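What follows is the residue order along each chain.
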Amino acid sequence: MDALLSALATKFAGSDLSNYVGGRIFEGEAPQGTERPYVAYDFYSTPDDTFTEQLDEVHFTFHLFSDSKSSVEASTMYGYLTALLDDAVLTVSGYACIWCKRNGMATGIDEAPTAAGTTGIRHWTVDYSVMLQKS
């Protein structure tokens with residue numbers, strides 16, 4: 001899994017998405033107090049053995065967080081993410097990347113406490129799957 005996470009970090013480095021969020025892209029949870037906008041992602045893997053090939057399908061959920069009352073900021077992050085990962089070929093040490101595909105997205109508003117009271121945070125989730133074949 002380290003090789004895939006490294007490939008993803010390389011893909012993000014210097015990208016429009018990373019520049020837009022000031023480099024605030026986190027595997028797992030963002031540190032408390034992280035300025036928005038930012039991206040956090042989590043993942044799980046399901047192995048698949050075809051008797052002749054060893055495959056791993058890795059499912060990612062990217063969480064796009066924005067303080068903006070308008071959807072422009074979240075939509076911009078979404079556009080940069082999809083431009084970066086839709087049908088991407090990731091260079092993963094020890095594996096061939098068979099596909100990287102977007103499976104869906106959802107939008108929502110979360111509540112967050114602030115000094116002035118509770119505020120709404122835009123929270124969009126975008127799901128991807130990556131199929132890897134052990135080389």
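In the block above lies the structure referred to throughout.
Keep in mind that what you see is a predicted model, and the values were worked out from it rather than measured.

Scanning the chain for helices and strands turns up three helices and six strands. Along the three orthogonal principal directions, the C-alpha set of the chain runs to about 60 × 25 × 25 Å. Here the chain holds 135 residues, and 40% of them are scored as buried. Relative to all contacts within the chain whose residues are 6 or more apart in sequence, the contacts with residues 24 or more apart total 59%. Entry remark: accessible area of the chain is about 7,400 Å², with carbon and sulfur atoms responsible for 49%. The averaged location of the 18 negative side-chain charges in the chain is 7 Å from the averaged location of its 8 positive side-chain charges.

For the rest of this paragraph, the subject is the pattern of salt bridges. Considering all chains together, one arrives at two salt bridges under this definition. Note that Arg36 is salt-bridged to Asp67, the shortest N-O span being 2.5 Å. Remark: Asp67 occurs in the loop between β3 (54-66) and α3 (72-85) and Arg36 occurs in the loop between β1 (25-27) and β2 (38-49); sequence separation between them is 31 residues. A residue is classified by how much of its surface remains accessible, and Asp67, at 37% relative accessible area, is partly exposed. Among the salt bridges present, the one from Asp86 reaches Arg102, with a minimum N-O distance of 2.4 Å. Linking Asp86 in the loop between α3 and β4 (95-106) with Arg102 in strand β4, this pair joins segments that are 16 residues apart in sequence. The class of Arg102 is partly exposed, set by a relative accessible area of 37%.

Let us now look at the side chain of Thr125. Structurally, Thr125 can be placed in strand β6 (residues 117-134). By relative accessible area, Thr125 is classed as buried at 19%. Every residue in contact with Thr125, bar those within four places of it in the chain, is listed here: Thr61, Phe62, His63, Gly104, Met105 and Ala106.

Turning to the packing of helix α1 (residues 2-12) against α3, a few remarks are in order. Contact geometry for α1 and α3: axes closest at 11 Å, N-to-C directions at 120°. In terms of their interaxial angle, α1 and α3 are classed as oblique. Handedness of the crossing formed by α1 with α3: right-handed. Two secondary-structure elements touch here, α1 through Leu8, Lys11 and Phe12 and α3 through Leu81, Leu84 and Leu85. Here the residues of the contact of α1 with α3 sort into five nonpolar, no polar and one charged.

Following the criterion strictly, the structure yields eleven aromatic pairs and no others. An angle of 80° between the planes, with centres 6.0 Å apart, marks the rings of Phe26 and Tyr38 as edge-to-face. Separated by twelve residues along the polypeptide, Phe26 in strand β1 and Tyr38 in strand β2 bring together distant segments of the chain. Centroid distance Tyr41 to Phe62: 5.4 Å. Interplanar angle 40°. Geometry classified as tilted. In this pair, Tyr41 sits in strand β2 while Phe62 sits in strand β3, placing the two residues 21 residues apart along the sequence. Grouped by ring-pair contacts, the aromatic residues Phe12, Tyr41, Phe43, Phe60, Phe62 and Tyr128 constitute a single cluster. Over the ring of Trp99 we find Lys101; its NZ or CZ atom is 4.4 Å from the centre of that ring.

Rules used throughout
Residues numbered from 1 in each chain as written. Predicted model: local features only at pLDDT ≥ 70, side-chain atom pairs only at ≥ 80, totals over all residues. Heavy atoms only, no water. Helix = DSSP H or I, 4+ residues; strand = E, 2+ residues; numbered from the N terminus. Buried < 20%, exposed > 50% of the residue type's maximum accessible area, 1.4 Å probe, protein only. Contact = heavy atoms within 4.5 Å. Areas by Shrake-Rupley, 256 points an atom, 1.4 Å probe, with all protein chains shown as cover. Lys, Arg positive; Asp, Glu negative; His and termini not counted. Charge placed at Lys NZ, Arg CZ, Asp CG, Glu CD. Salt bridge = Lys/Arg side-chain N within 4 Å of Asp/Glu carboxyl O. Axes fitted to C-alpha atoms, helices over the stretch in contact; angles between N-to-C directions. Parallel < 35°, antiparallel > 145°, perpendicular 65-115°, else oblique. Left-handed = near helix turned anticlockwise from the far one by under 90°. Nonpolar A, V, L, I, M, F, W, Y, C, P; charged D, E, K, R; others polar. Phe/Tyr/Trp six-rings, centres within 6.5 Å; stacked < 30°, edge-to-face > 60°. Lys NZ or Arg CZ within 6 Å of the ring centre and 35° of its normal.

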